[in-house]
Each structure stands twice: as structure tokens, then as C-alpha cells.
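# Breakdown of the fold
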Amino acid sequence: MPVRMAETKIGLDGVRHVARLARLELDAEQEARLQHDLSAILEYIEKLNELDLGGVEPTAQVGEAGTPMRDDVVTNQPAAEAALANAPAREGFWFKVPKIIE
Amino acid sequence: MAASSAYEAVIGLEVHTQLLTRSKIFCGCANAFGAPPNHHVCPVCMGMPGVLPVFNRRVLELTIRVGLTAHSQIAERSVFARKNYFYPDLPKGYQISQYERPLCVGGYIEVPGADGAPRKIRLTRIHIEEDAGKNIHRPEASLVDFNRSGAPLLEIVSEPDLHSAEEAAAYLRELRAMLRYLEVSDGNMEEGSFRCDANVSVRPRGASELGAKTEIKNLNSFKFVEKAINHEIARQTAVLQAGGKVEQQTHLWDAEREETRPMRSKEYAHDYRYFPEPDLPELQAPPGLVEAIRAQTPEVPSARRARYARDFGLSAYAIEVLTQEREVGDYFEALIKAGVHHKAAANWTMSEVLRAANASDQPLIRAIPAAAQTATLLKLVEQNRISLNGAKTAFAAMCKSGQDAAATVSALGLAQVSDEAAIAEACDLVLSTETDKVAEYRAGHEKLFGFFVGRVMKTTQGKANPKVVNEVLKRKLAP
């Protein structure tokens, strides 16, 4: 599908910003494709503006009302070896990861 | 530091406090400090794909308890949100928090002001979130422990109602004492269960707009909070005085160099792309829960301070000392219940009890004798059967031995001699060996009276009741 630049809801700057936040490295072709896709999504969401929602309370979800809750009980046993079993690197019981630089 | 009077500081605090639950907020792992790394972990708190969080009811109850005490509005419906950022202590790549619709909105905390009168510090909100894991950094690698990942946290955000480092510290002390009274958090700053970030800005005095603020992170002791805020006020004041502009930044407090330094660019730091957590339906308190919690909420420091002033007429200082920790006030009140006069109970608690408790690494309740035993000791003093010093000696011994009061007093031979005949005998002995001094005294050298009392006390190894000794000596020395 050809990119319809006139209708883009998000600029290339926006795409790069979101990509950076998501730690994604994109080439120019990917940037253009994502600009198109993201614009299409935003356009689709804008359809909601056509509805009159004056009397409707904002909601974050549909379906269940009220999150299920559990009692405050410890049900898991210490499981360090299982947790570390697939770690690429460890030091004692610690996960070892590339050095974090602030 | 004295801030230049042309400028005023505006401070708001964000406090993170870990809740005293048995299990984590979204899984059945233990919420416990001090285990070896990665022992209290499971696929949920390690952020494995496909897992689902299930909310711990106790977190809701404890948060409502705090919210009611802080006069907040408790939202009937609140919403969990994802806060997205990347850091190796956050395995899911997002933290489950609350954003647009927190559980508690508004409210205030009463803090004793410099003049003793309470000041209301307003709260913006109190919301629920999960804690992240812990990193330590080595020269060649970083290490990650997820024991803390998913520990339940409250974030308590104040309005910018604070204007000095001292005031900020007073607010934090009050908040910490309140959380401890409510048994919501242990408030342990060294272990990270009570952490503080400070937002500090400076503006020309009288201005209504806020200046650009600096967020200072990593404040893990009251001392550092005060030092860091004072440092930051001085730094920003200097910038403004030089005609400069304060940059909005996040600073990290460096405890070793006692200064704040910029941490990272703000540009991306606060773009968390919050959105409602799709794995958790909105949080609704079951009907009647808020009222049930309101009915059981324990007394908080401000209420206790008011009650002590009203019922016992104690000094502001005594009230402050007795109410800082709940157990101290509880002990003081237990002594009164056991029949000790409130003045004696207050004095004893503030001196002997706190001395013993501070010298011990045990919690107060285990460091000192049961209140009933201490009350027995204090009644013996009231009845002149032991001296006050004797009681102190006995109390110190009881702290170590765990023996009861009567056994300790008799084992240490502290019983005071009040028997007049025995004391008269001791007085006669002293007066018969000090005939020169007796003559001097009778000639008008009345200051020698204390000398005779001292000799009699020495003769009786300090056990004689000083009041009886005084009476007997006065009689015998009368011309």
C-alpha cells in the first residue's frame, strides 16, 4: 500500500522518538513503513471521536468489573536454582548482565 | 545554610514505602528482606512471558488505612497503569503502578511546626505500585537480584508545601512515625523500605509562580535529606543571584562528597508512556471495606500527642519523646495502667527505658522488663522501700537477667532500711565517733549536717532511707 503522506498522523520525528523509547533501531524504509502503520492506527482510533460519549464514564477495560484478589499468603518456595537455570551468566545467586552505565 | 532572604525554597517530597505484607503484590513469593539473591522469585515477579498478576488484597487494606489516616479521598474505583522504561532491575520493561486514577487522592498530614503548633502539609496522592529488583555494579559487569521485584510499594506524594530542609525532615519523621504506628511499614531507611525523592525549587520571595525544579534522588537517611536539600537550595540561589537560570534536572545525592550532581538528561527520562494495565481490571474496594478499616485504624502520633497534652499535661518535649515510636508511648501507658503516677511513668520511660532500649539491638519490647515488673519497682520507690538509685540499679539488672523486680531487689540487697531503731543506732555510732564535728555543728556550723547524713549512709551501705536519716539526725543533733 502506498504511503499517503498528506494523511499521516505522526511525523518521522515522532516515529524516531517512539523507536528510541522502545530501544528499536530502524532503517529509513522501516521508519517510513511504521509511520504509515502508526498513522493508520491513530486514524482508526480517531473514529471514536465520531461517537457522542458525553454521558459515558471513561473506562480502561471492558469485561470483568473489579480485579480479582488473592489472600496475603506465601505460596512459593525459594527457587533460586530454577530461576537461574536459563541465565546466560551468573555470579553466585546473582544474574550477571552487561555493565550498566548511567 | 541560611537561604538568602530575597529567595524562598519550595519543596515537595515523594516517599516510597514498602508495605508489611507476607507475600508480594502480584504473586505468592515472600516479601522479605535479607534472603540470598534470587530466592524469593517466580515467573510472575521475574517478568516471564505469559504470566498474569493477581492482586494481594492486603495491599488494598493497608493503603486504605494510610489514606484514611491522611484524610485522603479513597477512590471507589482506581486503575493500574504500566509505566514503561528499560533498566535491568525491571524484568518486564514496565512497572505496574497507578497513574491517572490512584487509590487515594488529596489529604494532608499534620506536622509539628517549629513553634510547636501543628502545620498541615497537603498530599497530592497516594498510589500503589510494585518495587523493582536490585542492581549492584562491578567494574566488568552488573549483577541483578529480583527478591525485591514485586514487593508492594506506596508512593506518597506531597504538595510543594515545604519551605526548608528542616521542615522537610519534620514531615518525613512524622510520615514515618505514622506508617510505623499504623503497622503499614517498618520505615527502615537503611534497608530501603522508606525512601525519599525531593523536588526542590527556589523563587524570589513573594513570587507566586514556581521556579524550575530539581529532583533529588537517592536520599536514604534523614541527615542526607536535610543536607541535600540545603545544598540544592544554596546552589539554585547562587545561580539565580548570578542572574542565571536553573535547569530542570534530576540530581543524585552523593553522600561521600556531600553534594548533588546531575544524573541524566530529562529529555527521555520522564516519557514513560503510561497506559492502563490490560492484565488487571480496575481496582474496586469491596462494599463496607473502607468503613471496616476506618473502625480499626490505630491511633496516630498527632492524636496521641493531643491526648497526652490533654490527659497528662506533659511538656512539649516529653510528648515529642514519648510519641516518636509507638512502643515507647505504649510502654508509658502500660506503666500508668499498672498504677504508676503519670509523672513518674513519663520520667522513667524517657530516661531508663529509652537508655536501655537504645543500648540494645533488640526491639524495645524484648530489651526491657515487662511494664508490670517496672511498675512494681516504681511502687517500691513510692513506698520508700528502695531508693530511686536502687530502682535504677535493679532495672538495669532486670534488663540483662529477665528476673522479676522483687527477686532482683532482694538479690542485690537494695531494700531500703526505714526502721527507725536501726537508723538511730547507725546515727549514734556516727555521732559518737565524730564528737569534734558535733561540737562544731552545735556551735552554729550548720553546713556540717550533710556530712553527718553522708556518714550515716556510708555506715548503712546506702540502704538507709534518707528521709528517716534526716529526721533522726535533726532530733539527735538538736541542742
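Residues numbered from 1 in each chain as written. Chains lettered and ligands numbered in written order. Predicted model: local features only at pLDDT ≥ 70, side-chain atom pairs only at ≥ 80, totals over all residues. Heavy atoms only, no water.

As a further point, take the confidence of the model for chain A. Model confidence for chain A is summarised by a mean pLDDT of 87, while 91% of its residues fall at 70 or above. This stretch, residues 1-6 of chain A, has a pLDDT under 50; its non-local contacts, to residues over four places away or in other chains, come to 6 contacts. (pLDDT = per-residue confidence, 0-100. Contact = heavy atoms within 4.5 Å.)

Moving on, we come to the nonpolar core. Residue and element names in this part refer to chain B. Core analysis: the largest hydrophobic core is formed by 75 residues, its most contacted members being Leu 13, Phe 55, Tyr 171 and Ile 229. The dominant element in this core, judged by the number of residues it contributes, is helix α2 (residues 165-181), at 7 residues. Contact partners of Ile 229, with chain neighbours within four places excluded, come to Ile 11, Leu 13, Ala 165, Ala 168, Ala 198 and Val 200. Grouped together as the second largest cluster of nonpolar side chains are 36 residues, Leu 335, Trp 348, Leu 380 and Ala 391 included. (Core = buried A, V, L, I, M, F, W, Y, C linked by side-chain atoms within 4.5 Å. Buried < 20%, exposed > 50% of the residue type's maximum accessible area, 1.4 Å probe, protein only. Helix = DSSP H or I, 4+ residues; strand = E, 2+ residues; numbered from the N terminus.)

Counted residue by residue, strand β11 (residues 141-145) of chain B has 5 buried out of 5 residues, so it is predominantly covered. Burial along β11(B) is two-sided: Ala141(B), Leu143(B) and Asp145(B) facing one way and Ser142(B) and Val144(B) facing the other are all buried. As paired strands, strand β3 (residues 94-98) of chain A and β11(B) are joined by 4 bridges and run antiparallel to one another. Bridge pairing links Pro98(A) to Ala141(B) in β11(B). Pairing analysis gives 4 bridges linking strand β10 (residues 134-137) of chain B to β11(B), with the strands arranged antiparallel. Bridge pairing in β11(B) places Lys134(B) opposite Asp145(B). Counting the residues in the hairpin turn of β10(B) and β11(B) gives 3 residues. (Pairing = 2+ DSSP bridges.)

Tallying each qualifying case throughout the model produces 2 cavities of 30 Å³ or more. A breakdown of the residues in the lining of the second largest cavity according to their chemical character gives 4 nonpolar, 1 polar and 4 charged. (1 Å grid on protein atoms, 1.4 Å probe; cavity = no way out; pocket = protein on both sides within 12 Å on 5 of 7 lines; lining within 4 Å. Points joined across faces, edges and corners; volume = space filled by probe spheres on them. Nonpolar A, V, L, I, M, F, W, Y, C, P; charged D, E, K, R; others polar.)

Attention now moves to α2(B). Residue and element names in this part refer to chain B. Compared with an ideal rise of 1.5 Å per residue, which puts 17 residues at 24 Å, α2 spans 24 Å between its outermost C-alpha atoms and is within 8% of the ideal. For α2, the tally of buried residues reaches 12 of 17 residues, placing the bulk of the element in the interior. Residues of α2 that are buried include every one of Ala 165, Ala 168, Ala 169, Tyr 171, Leu 172, Glu 174, Leu 175, Arg 176, Ala 177, Met 178, Leu 179 and Tyr 181, and no others. Where α2 terminates, the next one or two residues include Glu 183, which has phi positive at roughly 55 degrees. (Expected span 1.5 Å × (residues − 1).)

Attention now moves to the sheet that holds β11(B). Within the open sheet, the 4 strands sit side by side as β2(A)-β3(A)-β11(B)-β10(B). Their pairing is antiparallel. On the outer flanks of this sheet lie β2 (90-91) of chain A together with β10 of chain B, each paired with one strand and no other.

Right, let's talk about a nonpolar patch on the surface for a bit. A cluster of nonpolar residues, Ile41(A), Tyr44(A), Ile45(A), Leu48(A), Leu51(A), Leu53(A) and Val56(A), forms a patch on the protein surface that exposes about 730 Å² of accessible area. Tracing the backbone through its elements, the reader meets Leu53(A) in the loop between α2 (28-46) and β1 (69-70). (Patch = residues over 30% accessible without salt bridge, like charges linked within 9 Å, V, L, I, M, F, W, Y side chains within 5 Å. Areas by Shrake-Rupley, 256 points an atom, 1.4 Å probe, with all protein chains shown as cover. Salt bridge = Lys/Arg side-chain N within 4 Å of Asp/Glu carboxyl O.)

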